[in-house]
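Listed here are the chains, written in short residue letters.
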Amino acid sequence: MVVDKKEFYTKDDLKKVIDHAIGQNRLDPDDADFVKQIALFTSYYRQNIQRFAEDYLGLRLKRFQKFLLYMIHNHLYTLLVMTRGIGKSWLIGVYACCLAILYPNSEIVIVSHTLRQSVNIIDKKILLDLCKKSKRLNNEIDKVEKAHNNMILKFKNGSTITPAVSSEASRGIRSTCLIIDESRLVNNDVIQSILQPTSHPRQASYMDLLEYSADNYNIESSRDIYLTSAYFKVHPLYAQYKDYLAKMVDGKEYFACALSVDVAVNNGLLDAKRLEAIKSQPDMSQVKYAMEYETIFYGESEDAYFNLQEITSCQVVNYPFLLADNTDHRKGKEFKTNPKKLPNEIRLISADIALMAGNSNDASAFILFRLIPNDKGRYIRQIVNIETFEGSHAFDQAKRLKQMFYDFEADYIVLDCIGSGVAVYGHLCRLTEDDERGQTYRAFKVFNNDELEGQCTESNALPCIYAVKGNQQFNHDCHTRCQDMIQRELLQFLVDTEIGKTNLSSEYQFDAMTPSKQANMLSPYLQTERLISEMINLKTEVKSGYIKLRETSYVARKDRYMSLTYGNYYATELEQDLNTGSDDDLWGSIWN
């Protein structure tokens with residue numbers, strides 16, 4: 001029923017209807033005036049759901065929240081790209097409750113990449129927050145059914161809010177409104193083949209009456225709502241966002257909107273000091289900040305050497321090789337997700353060295369490689385951890401390399417032996433006292449350079465260091481080999497940080513850990529993000545037939561990338577010892 005525009009209802013009028021309904025707790029069919037009032041009341045608030053949240057539930061909303069609630073409800077398909085800290089989970093909890101109350105027998109399903117995240121919207125946002133702020137919302141809820149780490153929120157009018165996970169386990173879950181939280185992490189195939197096919201129009205009771213039996217009379221279409229932060233342009237999310245924008249402009253029932261961190265700051269949801277602290281965090285790169293807070297979809301530079309889509313296709317490693325800190329090491333702690341060394345597996349650590357702090361691209365980067373032979377005589381190169389150091393002393397870096405060497409059960413160290421790397425090598429080729437761990441490490445020495453090998457005077461030194469010295473030809477080969485391995489998908493990286501956090505949470509009591517322990521476990525994923533940012537911001541130059549890659553002003557460093565190329569270069573050298581089988585094109589693209 002549509003409200004007669006000639007009739008005007010004040011807030012007091014509507015409040016009387018609300019109070020009467022609460023007092024009655026049910027509709028009296030013999031009270032014709034009350035029936036009419038309820039019909040008008042319902043129709044009015046269905047067209048102004050943001051006012052329902054304020055007038056009926058008694059919630060205080062920011063202006064942008066009112067706008068979003070109105071636009072979400074008046075479009076069948078919504079995509080919101082929102083900054084972190086703006087409260088998108090809280091807002092979608094408000095919308096879900098309003099929808100459930102105003103539309104009896106609604107089946108609202110909230111989907112996330114983990115069931116826990118979906119449950120948290122109901123448990124923490126609705127039950128622990130909204131219900132405390134609204135007695136009327138409490139009155140509308142019938143019960144909460146809990147079972148096996150899941151729950152269903154049931155309303156007295158037959159509506160339900162159900163959490164779900166983006167997997168095969170959600171097959172068969174029916175919905176009249178499908179809400180997909182952090183949709184960039186949800187597999188598109190799951191949405192299209194499992195979740196959307198079971199979306200259906202709301203089964204309102206009045207539709208069973210004879211006067212409403214005509215085909216498609218007032219059929220309510222199901223709704224799809226996507227909430228997410230921005231990501232790389234190669235992700236399907238970017239194409240979806242552009243598609244929604246185009247259809248919205250054409251007047252179709254689509255709504256797309258991006259809200260940056262400025263909206264959160266201007267509305268008091270984030271303060272400027274906190275934002276500055278976030279920017280200065282060591283794991284917050286410019287690219288990551290642009291995507292997560294400025295809602296900018298990011299892509300490689302126009303003349304980039306590496307293709308972002310090819311790189312993200314190689315993000316298939318679920319777990320890092322976690323390194324214990326000194327305290328945990330003394331206790332003998334082991335991480336159950338650390339992979340055991342396979343037969344014929346080779347492990348190496350590549351190191352690009354810098355000692356002086358201050359320059360934007362002046363840092364050391366150590367990368368852990370697992371080289372796993374495949375059936376074609378190649379090594380799959382898995383990057384399982386990265387550490388960086390700024391301004392560290394040569395002795396400290398040499399000690400850390402030896403710690404990592406033994407913790408990782410490494411076979412080789414690939415060391416940059418030009419400039420600062422020589423100083424680090426000077427400490428590597430001596431006995432090293434590790435007071436924190438109470439150990440003495442034997443000397444290491446170079447095995448592929450007679451001059452550097454001769455600098456080591458320890459008779460029992462372990463010949464495990466492959467020395468690299470860059471020049472135009474070597475750097476050119478490093479770049480081409482790295483690109484080739486990515487295109488062949490033989491160079492593999494850790495998955496996205498959010499997926500990594502989910503993986504770790506399923507294996508460890510992650511939330512119970514101290515912030516420093518959590519940071520240590522997430523660091524390999526975050527370092528991988530920064531490595532990828534470096535790679536897609538390298539501009540290509542060709543001089544005298546040699547490829548040279550330069551940093552852009554946006555990401556003015558490439559220490560992780562150079563370390564990556566050193567390890568990959570030596571991995572290619574080691575492949576010559578493998579049986580190449582029938583792969584006739586094995587070396588074609590590498591040496592051309």
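Residues numbered from 1 in each chain as written. Predicted model: local features only at pLDDT ≥ 70, side-chain atom pairs only at ≥ 80, totals over all residues. Heavy atoms only, no water.

**Some points on the overall build of the protein chain**
- Within the protein chain one finds 22 helices and 20 strands.
- For the protein chain, the proportion of its 592 residues judged to be buried stands at 52%.
- For the protein chain, the share of sequence-separated contacts (at least 6 apart) that also reach a separation of at least 24 residues comes to 70%.
- For the protein chain, the accessible area works out to roughly 27700 Å², and carbon and sulfur atoms hold 47% of it. (Helix = DSSP H or I, 4+ residues; strand = E, 2+ residues; numbered from the N terminus. Buried < 20%, exposed > 50% of the residue type's maximum accessible area, 1.4 Å probe, protein only. Contact = heavy atoms within 4.5 Å. Areas by Shrake-Rupley, 256 points an atom, 1.4 Å probe, with all protein chains shown as cover.)

**Comments concerning the sheet that holds strand β6 (residues 177–181)**
- Read across the open sheet, the 8 strands follow the order β3-β4-β5-β2-β6-β7-β1-β8; overall the sheet is mixed. In the strand order of this sheet, the two ends are held by β3 (141–147) and β8 (254–259), each with one partner. For this sheet the average axis-to-axis angle between neighbouring strands, irrespective of direction, equals 15°.
- Relative to strand β4 (residues 150–155), β3 runs antiparallel, the two sharing 6 bridges. Considered in β4, the bridge of Glu145 is made with Ile152.
- Along the sheet, helix α9 (residues 236–249) contacts β1 (77–82), β7 (223–228) and β8; its crossing angle with β8, the most-contacted strand, is approximately 120°. (Pairing = 2+ DSSP bridges. Axes fitted to C-alpha atoms, helices over the stretch in contact; angles between N-to-C directions.)

**Focus: the environment of Asn385**
- By secondary structure assignment, the location of Asn385 is in strand β12 (residues 379–389).
- Look at Asn385 and you get buried, because its relative accessible area is 5%.
- Along the backbone, Asn385 and Phe366 are 19 residues apart, and their C-alpha atoms lie at a distance of 8.3 Å.
- Side-chain polar atoms of Asn385 contact the backbone oxygen of Phe321, separated by 2.7 Å. (Polar contact = N/O pair within 3.5 Å; in protein donor to acceptor, adjacent residues only side chain to side chain.)

**What to know about the side chain of Thr528**
- Along the chain, the position of Thr528 falls in helix α20 (residues 515–536).
- Separated by 2.7 Å, the side chain of Thr528 and the backbone oxygen of Pro524 make a polar contact.
- What Thr528 contacts, discounting residues up to four positions off in sequence, is Ile386, Phe493 and Leu494.

**Structural notes on the environment of Val316**
- Here Val316 is to be found in strand β9 (residues 315–317).
- In this structure the C-alpha to C-alpha distance between Val316 and Phe493, which are 177 residues apart in sequence, comes to 6.2 Å.
- Beyond its immediate stretch of four places on either side in the chain, Val316 contacts Gln492, Phe493 and Val495.

**Quick word on the environment of Tyr77**
- By secondary structure assignment, the location of Tyr77 is in strand β1.
- Using a relative accessible area of 26% as the deciding quantity, one classes Tyr77 as partly exposed.
- Separated by 179 residues in sequence, Tyr77 and Ala256 have C-alpha atoms that sit 8.5 Å apart.
- The residues contacting Tyr77, other than those within four sequence positions of it, are Asp224, Tyr244, Glu253, Tyr254 and Phe255.

**Description of the sheet that holds β9**
- One open sheet accounts for 8 strands, arranged β9-β18-β12-β11-β10-β13-β17-β16; its pairing is mixed. Of all the strands in the sheet, just β9 and β16 (444–446) have a single pairing partner and so form its edges. Here the average twist between neighbouring strands, direction ignored, is 35°.
- Across 4 bridges, strand β13 (residues 412–416) lies against strand β17 (residues 462–468) in parallel orientation. If you follow Leu415 over to β17, its bridge partner there is Ala467.

**Focus: helix α21 (residues 559–574)**
- End to end, α21 covers 23 Å across 16 residues, agreeing with the expected 22 Å (1.5 Å per residue, within 8%).
- The buried count for α21 comes to 15 of 16 residues, which makes it a mostly enclosed element. (Expected span 1.5 Å × (residues − 1).)

**Details of the pattern of salt bridges**
- According to the stated counting rule, one finds 31 salt bridges in the structure shown.
- A salt bridge links Lys88 to Glu182; its shortest N-O distance comes to 3.8 Å. With Lys88 in helix α5 (residues 88–102) and Glu182 in the loop between β6 and α8 (188–195), the pair connects residues that are 94 residues apart, well separated along the chain. In this pair, the class of Lys88 matches that of Glu182, namely buried.
- Salt bridges sharing common partners tie together Lys88, Glu182, Arg184 and Asp496. (Salt bridge = Lys/Arg side-chain N within 4 Å of Asp/Glu carboxyl O.)

**Overview of the nonpolar core**
- Counting 62 residues, the largest nonpolar core has Phe52, Leu68, Tyr95, Leu137, Phe155, Ile161 and Ile179 as its most contacted members.
- Apart from the residues within four sequence positions on either side, Ile179 is in contact with Ile92, Ala96, Ile108, Val109, Ile110, Val111, Ile225 and Leu227. (Core = buried A, V, L, I, M, F, W, Y, C linked by side-chain atoms within 4.5 Å.)

**A short note on the pairing of β17**
- Of all 7 residues that make up β17, 5 are buried, and the element is covered over most of its length.
- Bridging between β16 and β17 involves 3 bridges; their strand directions are parallel. Bridge pairing in β17 places Phe444 opposite Leu462.

**Quick look at empty space enclosed by the protein**
- Taken as a whole and judged by the stated rule, the model has 4 cavities of 30 Å³ or more.
- Estimates place the volume of the largest cavity at around 140 Å³.
- Along the wall of the largest cavity there are 14 residues; nearest its centre are Tyr231, Phe232, Met291, Asp496 and Glu529.
- Counting residues per element, the ones that place at least two in the lining of the largest cavity are α12 (286–292) and α20.
- Considering each element in turn, the lining of the largest cavity owes the most residues, 4 residues, to α12. (1 Å grid on protein atoms, 1.4 Å probe; cavity = no way out; pocket = protein on both sides within 12 Å on 5 of 7 lines; lining within 4 Å. Points joined across faces, edges and corners; volume = space filled by probe spheres on them.)

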